[in-house]
Each structure stands twice: as C-alpha cells, then as structure tokens.
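Letter by letter, the chains look like this.
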Amino acid sequence: MRVKVAEHAALFYRDGTVIWDDYLHHRQFAISETAELLCRKFARFADVDELLAPLAEADRVALRKVLDELVEAGVLVVEGSPRHEEELRLLRGWADWGASARYFHFASRTLGDAPYLGADEHDAALEAKLSTVPPPPPFRSLGGERVPLPARPARPSWAREGLFDVLLARRTTREFGDGPLPLGRVGELLAVLAAPSPVRPRIGRSGTVFKTTPSGGGRHPVEVYVHARSVEGLAPGWYHYDGSAHVLERIGPVWTAEEMSEAAGDQEWVGRAPLVLAYTAVLERTRWRYDTSRAYRVVQMDVGHLSQTAYLVATALGFGIGFTAALRDELVELALGCDAYHEVVLGMSALGPLPE
Ligand SMILES: Cc1cc2nc3c(=O)[nH]c(=O)nc-3n(C[C@H](O)[C@H](O)[C@H](O)COP(=O)(O)O)c2cc1C
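Only a predicted model underlies this, so the values are computations on that prediction, with no experimental measurement involved.

> Explain helix 6 (residues 119–132) here, please?
Spacing of three or four residues puts side chains on the same side of an α-helix, whose turn is 3.6 residues. A rise of 1.5 Å per residue sets the reference length of helix 6, with its 14 residues, at 20 Å; its end C-alpha atoms lie 20 Å apart and thus fit the reference within 8%. Every buried residue belonging to helix 6 is among His122, Leu126 and Leu130, and all of these are buried. Taken down its axis, helix 6 places every buried residue within 85 degrees of arc, on the same side. With respect to the buried face of helix 6, the exposed residues turned more than 90 degrees away are Asp120, Ser131 and Thr132. In this fold, the buried residues of helix 6 make contact with helix 11 (283–289).

> When you look at the packing of helix 8 (residues 183–194) against helix 12 (residues 294–317) in this model, what are you seeing that I'm missing?
Two quantities define a packed helix pair, namely the angle between the axes and the distance from one axis to the other. Where helix 8 meets helix 12, the closest approach of the two axes is 10 Å, and the angle between their N-to-C directions is 150 degrees. With respect to each other, helix 8 and helix 12 are oriented roughly antiparallel. Pair helix 8 / helix 12 crosses with right-handed handedness. Taken together, the residues of helix 12 that come into contact with helix 8 (itself represented by Arg185, Glu188, Leu189, Val192 and Leu193) are Leu306, Thr309, Ala310, Val313, Ala314 and Leu317. Of the residues assigned to the contact of helix 8 with helix 12, the class counts are eight nonpolar, one polar and two charged.

> Got a minute to help me understand the UniProt feature "domain: Nitroreductase" (unreviewed entry) in the protein chain in this structure?
What UniProt calls "domain: Nitroreductase" (unreviewed entry) maps, in this numbering, to residues 169–348. End C-alpha to end C-alpha, residues 169–348 measures 20 Å, and it is 36% helix and 21% strand.

> Can you help me understand the sheet that holds strand 7 (residues 146–148) in this one?
Paired through backbone hydrogen bonds, the strands of a sheet run either parallel or antiparallel to each other. Reading across from one edge, 7-10-9-8-11-13-12 is the order of the seven strands in this open sheet, with antiparallel pairing throughout. Each of the sheet's edge strands pairs with one partner strand only, and the pair in question is strand 7 and strand 12 (319–324). Sheet twist, expressed as the mean angle between neighbouring strand axes with direction ignored, is 30 degrees. Against the sheet, helix 12 makes contact with strand 8 (222–228), strand 11 (275–282), strand 12 and strand 13 (343–353), and its axis sits at roughly 165 degrees relative to strand 12, the strand it touches most. Seen against the sheet, helix 13 (residues 329–336) touches strand 8, strand 9 (237–242), strand 11 and strand 13 and runs at an angle of roughly 85 degrees to strand 13.

> Help me out: how do you make sense of the domain arrangement of the protein chain in this one?
A common way to express how large an interface is: the accessible area buried when the components associate. For the protein chain, the assigned domains are domain 1 (2–107) and domain 2 (119–353). Taking only C-alpha atoms into account, the centre of domain 1 sits 43 Å from that of domain 2.

> For this particular structure, what's the right way to read the sheet that holds strand 1 (residues 2–5)?
One open sheet holds the three strands; their spatial order is 5-1-6, and the pairing between them is antiparallel. Each edge of the open sheet carries a strand with a single partner, namely strand 5 (46–47) and strand 6 (76–78). Across two bridges, strand 1 lies against strand 5 in antiparallel orientation. Following the sheet pairing, Val3 is matched in strand 5 by Ala46.

> What should I look at first to understand the side chain of His220 in this one?
Structurally, His220 is set in the loop between helix 8 and strand 8. The class for His220 is buried, based on a relative accessible area of 8%. Discounting chain neighbours no more than four positions away, the residues touching His220 are Val209, Phe210, Lys211, Thr213, Pro214, Ser215 and Arg285.

Reading the values: the criteria
Residues numbered from 1 in each chain as written. Predicted model: local features only at pLDDT ≥ 70, side-chain atom pairs only at ≥ 80, totals over all residues. Heavy atoms only, no water. Helix = DSSP H or I, 4+ residues; strand = E, 2+ residues; numbered from the N terminus. Expected span 1.5 Å × (residues − 1). Buried < 20%, exposed > 50% of the residue type's maximum accessible area, 1.4 Å probe, protein only. Arc of directions from axis to C-beta. Contact = heavy atoms within 4.5 Å. Axes fitted to C-alpha atoms, helices over the stretch in contact; angles between N-to-C directions. Parallel < 35°, antiparallel > 145°, perpendicular 65-115°, else oblique. Left-handed = near helix turned anticlockwise from the far one by under 90°. Nonpolar A, V, L, I, M, F, W, Y, C, P; charged D, E, K, R; others polar. UniProt positions renumbered as here; feature names shortened; annotations may be inferred. Pairing = 2+ DSSP bridges. Domains from an automatic or database assignment.

Structural data, given as structure tokens:
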C-alpha cells in the first residue's frame with residue numbers, strides 16, 4: 001500500500017497539540033506527535049511495508065496501527081483510492097491559486113448539513129449576547145484635526161438622472177482630467193456611500209445601521225478612507241470619512257503618484273487619480289453577529305456592493321471611476337494606520353473628472 005499525506009488540509013498548533021484541519025470536509029482533530037512525525041515520511045507517496053521493513057517487530061506493529069488510523073481518518077490517502085481521485089480533481093480545479101485560496105474557500109464553504117439558526121432563534125441569541133458582549137460602534141471617529149464638509153442638499157441635483165441611463169453610462173475609467181474635484185460633490189458621494197441613510201438614520205441597539213448600500217446583517221463593516229490629490233479646498237493627503245458626523249478626519253501622509261501606484265499593484269492610473277477611496281473592513285462589526293468563517297465572505301461581498309454604489313453615484317455626478325482589487329494591502333494599512341488583524345484592506349476606487 002502506497003500512501004501520502006492528504007493535501008486538502010492544513011496543520012496548526014493549539015494549546016500544545018497539533019490540529020489537523022481537513023477544510024474540504026470540515027473536520028478538525030488533534031493528531032499525536034508520532035502521527036505528526038510519520039506524516040513527514042509520507043510527504044510523497046511511499047510504500048508502507050518498505051518503510052517499516054527495517055524496524056523491529058514491535059515498532060512495526062505499533063506504527064502500522066497509527067498509519068492505519070491515519071488512513072481511516074483521511075490524513076493519509078492511499079494511491080489510486082477514491083479519496084486520491086477526489087484530491088486530484090481538487091488540485092486540478094484550483095491549480096495555481098494554491099493552498100491558501102483553497103483553504104479559505106473550502107473552509108468557508110457551507111456543507112449540506114451546515115447549521116443555520118432560524119431568524120427568531122438568532123435574534124434571541126443576539127439579545128442574550130447584548131447583555132454580556134456589547135456590540136462595537138458602527139461608526140468611528142479617529143479624533144485629531146477635522147475638516148467639516150459642505151452641508152448636503154436634501155436632494156442633490158444629480159439625483160434626477162435616470163437609473164437606467166446611469167447604468168448604461170457606468171464604466172471603469174482609467175484616465176482622468178486634471179481639474180480639481182469640487183469638495184461639495186465629493187462630500188455628497190461620501191455621504192451616499194458611508195453615512196446613515198437619511199430615510200432610515202436610526203442606529204439599532206446591536207449597532208445595526210442602514211445605508212444606501214446593503215450589508216450582511218446591517219453590520220456595515222466597511223470604512224471609507226480618502227486620498228485627496230486634487231480636491232478643491234482640501235489639503236492633499238489621506239483622510240478617514242466619519243459618516244456619522246459627515247466630516248473628513250486627517251490622517252496625514254500625502255502619497256506621491258508613485259507611492260499610490262505602488263500600493264495599487266503598480267497601476268499608474270490609480271497613482272494619477274485626483275481622488276482615491278480606500279475601503280477597509282472592521283471585522284469585529286460583522287463578527288459580533290456572525291461567528292462562522294463564512295462571514296468573511298460576507299465582508300468581501302459588502303465591499304463589492306459598496307463599490308457598485310460608488311460606481312453609480314460617481315457616474316451620475318459626471319466623474320470617472322475605477323475599482324481596483326490589485327493592492328499591496330500592507331502599504332495601505334501602514335498609511336491608514338490600521339491593524340491588519342482587525343481591520344482588513346479590501347479595495348480602492350480611483351476617481352477624477354472625466355478626461356476632455
Ligand atoms: C472586484 C473587482 C476588481 C477589480 N480590480 C481591478 C483592478 O485591479 N484593476 C483594474 O484596472 N480594474 C479592475 N476592475 C475593473 C474591471 O476590470 C472592469 O469592471 C471590467 O474590465 C469591466 O469594465 P467596466 O467596469 O467598464 O464594465 C475590477 C472590478 C471588480 C468588480
């Protein structure tokens with residue numbers, strides 16, 4: 001019998017034990033030190049009998065027992081077995097995306113027996129949680145210098161554009177005119193993206209908030225940051241938009257076009273943009289309500305929805321806009337001062353006047 005370690009799993013250490021995490025079948029269990037060391041011997045297909053042959057009878061019997069258990073548990077796959085076939089299909093399907101993409105996807109993929117609470121049950125669980133774990137605030141203020149934005153009209157002039165016309169006009173723009181963007185219009189865009197909805201401004205007891213964009217569980221984990229290069233009346237640099245107060249909070253660093261382009265995976269069109277919005281997610285907001293790994297996907301979906309709102313509003317305002325997911329997250333985190341383990345960078349939109 002030739003066996004090797006299965007590739008649809010990851011090993012990690014917890015409380016002094018090694019955990020085998022079979023993300024494909026959602027099974028986690030501790031493995032012994034002997035099992036861990038044996039796995040090393042089967043990094044590639046190897047014949048069990050050949051490997052055990054030089055050992056003393058007692059050791060052979062003991063190790064054979066461990067190996068049989070590892071095969072039974074799916075830690076080792078037998079060459080040519082249905083499990084081996086399944087693994088080959090998986091590896092072909094995910095090819096160059098590699099182990100980490102497979103891990104993330106399949107660990108957060110729901111299986112047929114995934115437990116879901118009914119709405120009433122979930123509400124009751126959250127109600128109980130409210131008294132022990134207070135929900136994180138849905139808005140944030142960084143403190144420091146604040147730049148008030150011009151007052152918003154109750155109904156902005158661009159709101160009269162027909163939705164269908166806007167949808168047809170929407171496209172990714174990677175060239176921008178030079179002229180500065182008016183601060184008032186930038187403020188209107190930010191308010192539509194990240195302020196509470198004027199028709200449903202109430203913040204729920206559990207921190208649920210409503211905006212123009214949908215968000216999983218109404219958690220709105222996405223924070224919007226602004227890099228101004230050419231915005232009328234606004235000093236260049238990075239800001240955080242506080243949607244509850246409708247103000248920009250100065251963070252500081254002014255990025256050169258080269259620095260912006262480097263952070264955007266060397267895309268020069270992003271470096272040249274008069275305005276860049278960076279989106280991050282405060283994981284705690286979504287995690288407070290949803291404690292399964294699948295919620296990580298919800299966060300990714302949230303930013304997709306928000307970006308589409310940005311696309312449509314920018315188009316209605318007559319701005320050019322393009323979204324980018326190709327980022328050097330770490331550079332953005334450093335500029336914004338966000339802790340990557342709690343607030344993750346998701347993407348950026350580059351905006352500017354349409355070219356002449
Ligand atoms: C999730 C996502 C990620 C994207 N990332 C990039 C990017 O990194 N660079 C880029 O130039 N365009 C990016 N785009 C824009 C797409 O290339 C663009 O939407 C596509 O070419 C279709 O063009 P359209 O938006 O004009 O319809 C992204 C779009 C989405 C939705």
